[in-house]
Amino acid sequence: MHSSVPDFDMPNDEQVDLAAESFRLLADPTRIKVLWALLQGESSVACLAELAGAAPTAVSQHLAKLRLAGLVTGRREGTFVYYSAANNHVRGLLAQALFHADHIDRDLPPAADPAADNAHHGVA
């Protein structure tokens, strides 16, 4: 059946495993808040904890996992570490997830042109 679909393509097992791991790590409200804050610019654990409404120790643990997954990077300055989102792929993942959540929440139909709809919602 799929052989009749032109240009049908499946990702390899490693790609699927890595994508699933990224989604697993993003399946936490605190991590989503932390990552969204980091997309606005680099930040410290204390600031991220305040923004996410979580304890600094919990945020630090979340950041360690996000860093291992390559979603976050850290820059040491003296005794402080400043974190940032690893790249624009992280922005795309979060933007699409939040865009989708907004449409479900407000019972909106899917956009004919997702790029235009993203711009309308302030998502880059």
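To start, this report covers the structure provided alongside it. (Residues numbered from 1 in each chain as written. Predicted model: local features only at pLDDT ≥ 70, side-chain atom pairs only at ≥ 80, totals over all residues. Heavy atoms only, no water.)

Quick notes on helix 5 (residues 88-105)
For helix 5, with 18 residues, the first-to-last C-alpha span of 25 Å sits near the 26 Å given by 1.5 Å per residue. Of the positions making up helix 5, those classed as buried are V90, L94, A95, F99 and H103. Sitting at the head of helix 5, N87 places a side-chain oxygen 2.9 Å from the backbone nitrogen of H89. Remark: D107 follows helix 5 within two positions and exhibits a positive phi of approximately 50°. (Helix = DSSP H or I, 4+ residues; strand = E, 2+ residues; numbered from the N terminus. Expected span 1.5 Å × (residues − 1). Buried < 20%, exposed > 50% of the residue type's maximum accessible area, 1.4 Å probe, protein only. Polar contact = N/O pair within 3.5 Å; in protein donor to acceptor, adjacent residues only side chain to side chain.)

Thoughts on the side chain of S44
Inspection of the secondary structure assignment puts S44 in the loop between helix 2 (29-38) and helix 3 (45-52). Its relative accessible area of 17% is what places S44 among the buried residues. Every residue in contact with S44, bar those within four places of it in the chain, is listed here: V81 and Y82. (Contact = heavy atoms within 4.5 Å.)

Brief notes about a nonpolar patch on the surface
Taken together, the side chains of V5, F8 and M10 present a nonpolar region at the surface, about 300 Å² in accessible area. Counting through the fold element by element, V5 comes out in the segment before helix 1 (13-26). (Patch = residues over 30% accessible without salt bridge, like charges linked within 9 Å, V, L, I, M, F, W, Y side chains within 5 Å. Areas by Shrake-Rupley, 256 points an atom, 1.4 Å probe, with all protein chains shown as cover. Salt bridge = Lys/Arg side-chain N within 4 Å of Asp/Glu carboxyl O.)

With respect to the nonpolar core
Core analysis: the biggest nonpolar cluster contains 21 residues, and L38 and L63 have the highest contact counts within it. Elements that contribute at least two residues to this core include exactly helix 1, helix 2, helix 3, helix 4 (56-68), strand 2 (80-85) and helix 5. Every residue in contact with L38, bar those within four places of it in the chain, is listed here: S43, L48, L63, V72, Y83, S84 and A85. (Core = buried A, V, L, I, M, F, W, Y, C linked by side-chain atoms within 4.5 Å.)

Quick look at the packing of aromatic side chains
Scanning all chains against the criterion turns up one aromatic pair. Where F80 meets Y82, the ring centres are 6.4 Å apart and the plane angle is 35°; that geometry is what we call tilted. Exposure remark for Y82: the relative accessible area of 24% places this residue in the partly exposed category. (Phe/Tyr/Trp six-rings, centres within 6.5 Å; stacked < 30°, edge-to-face > 60°.)

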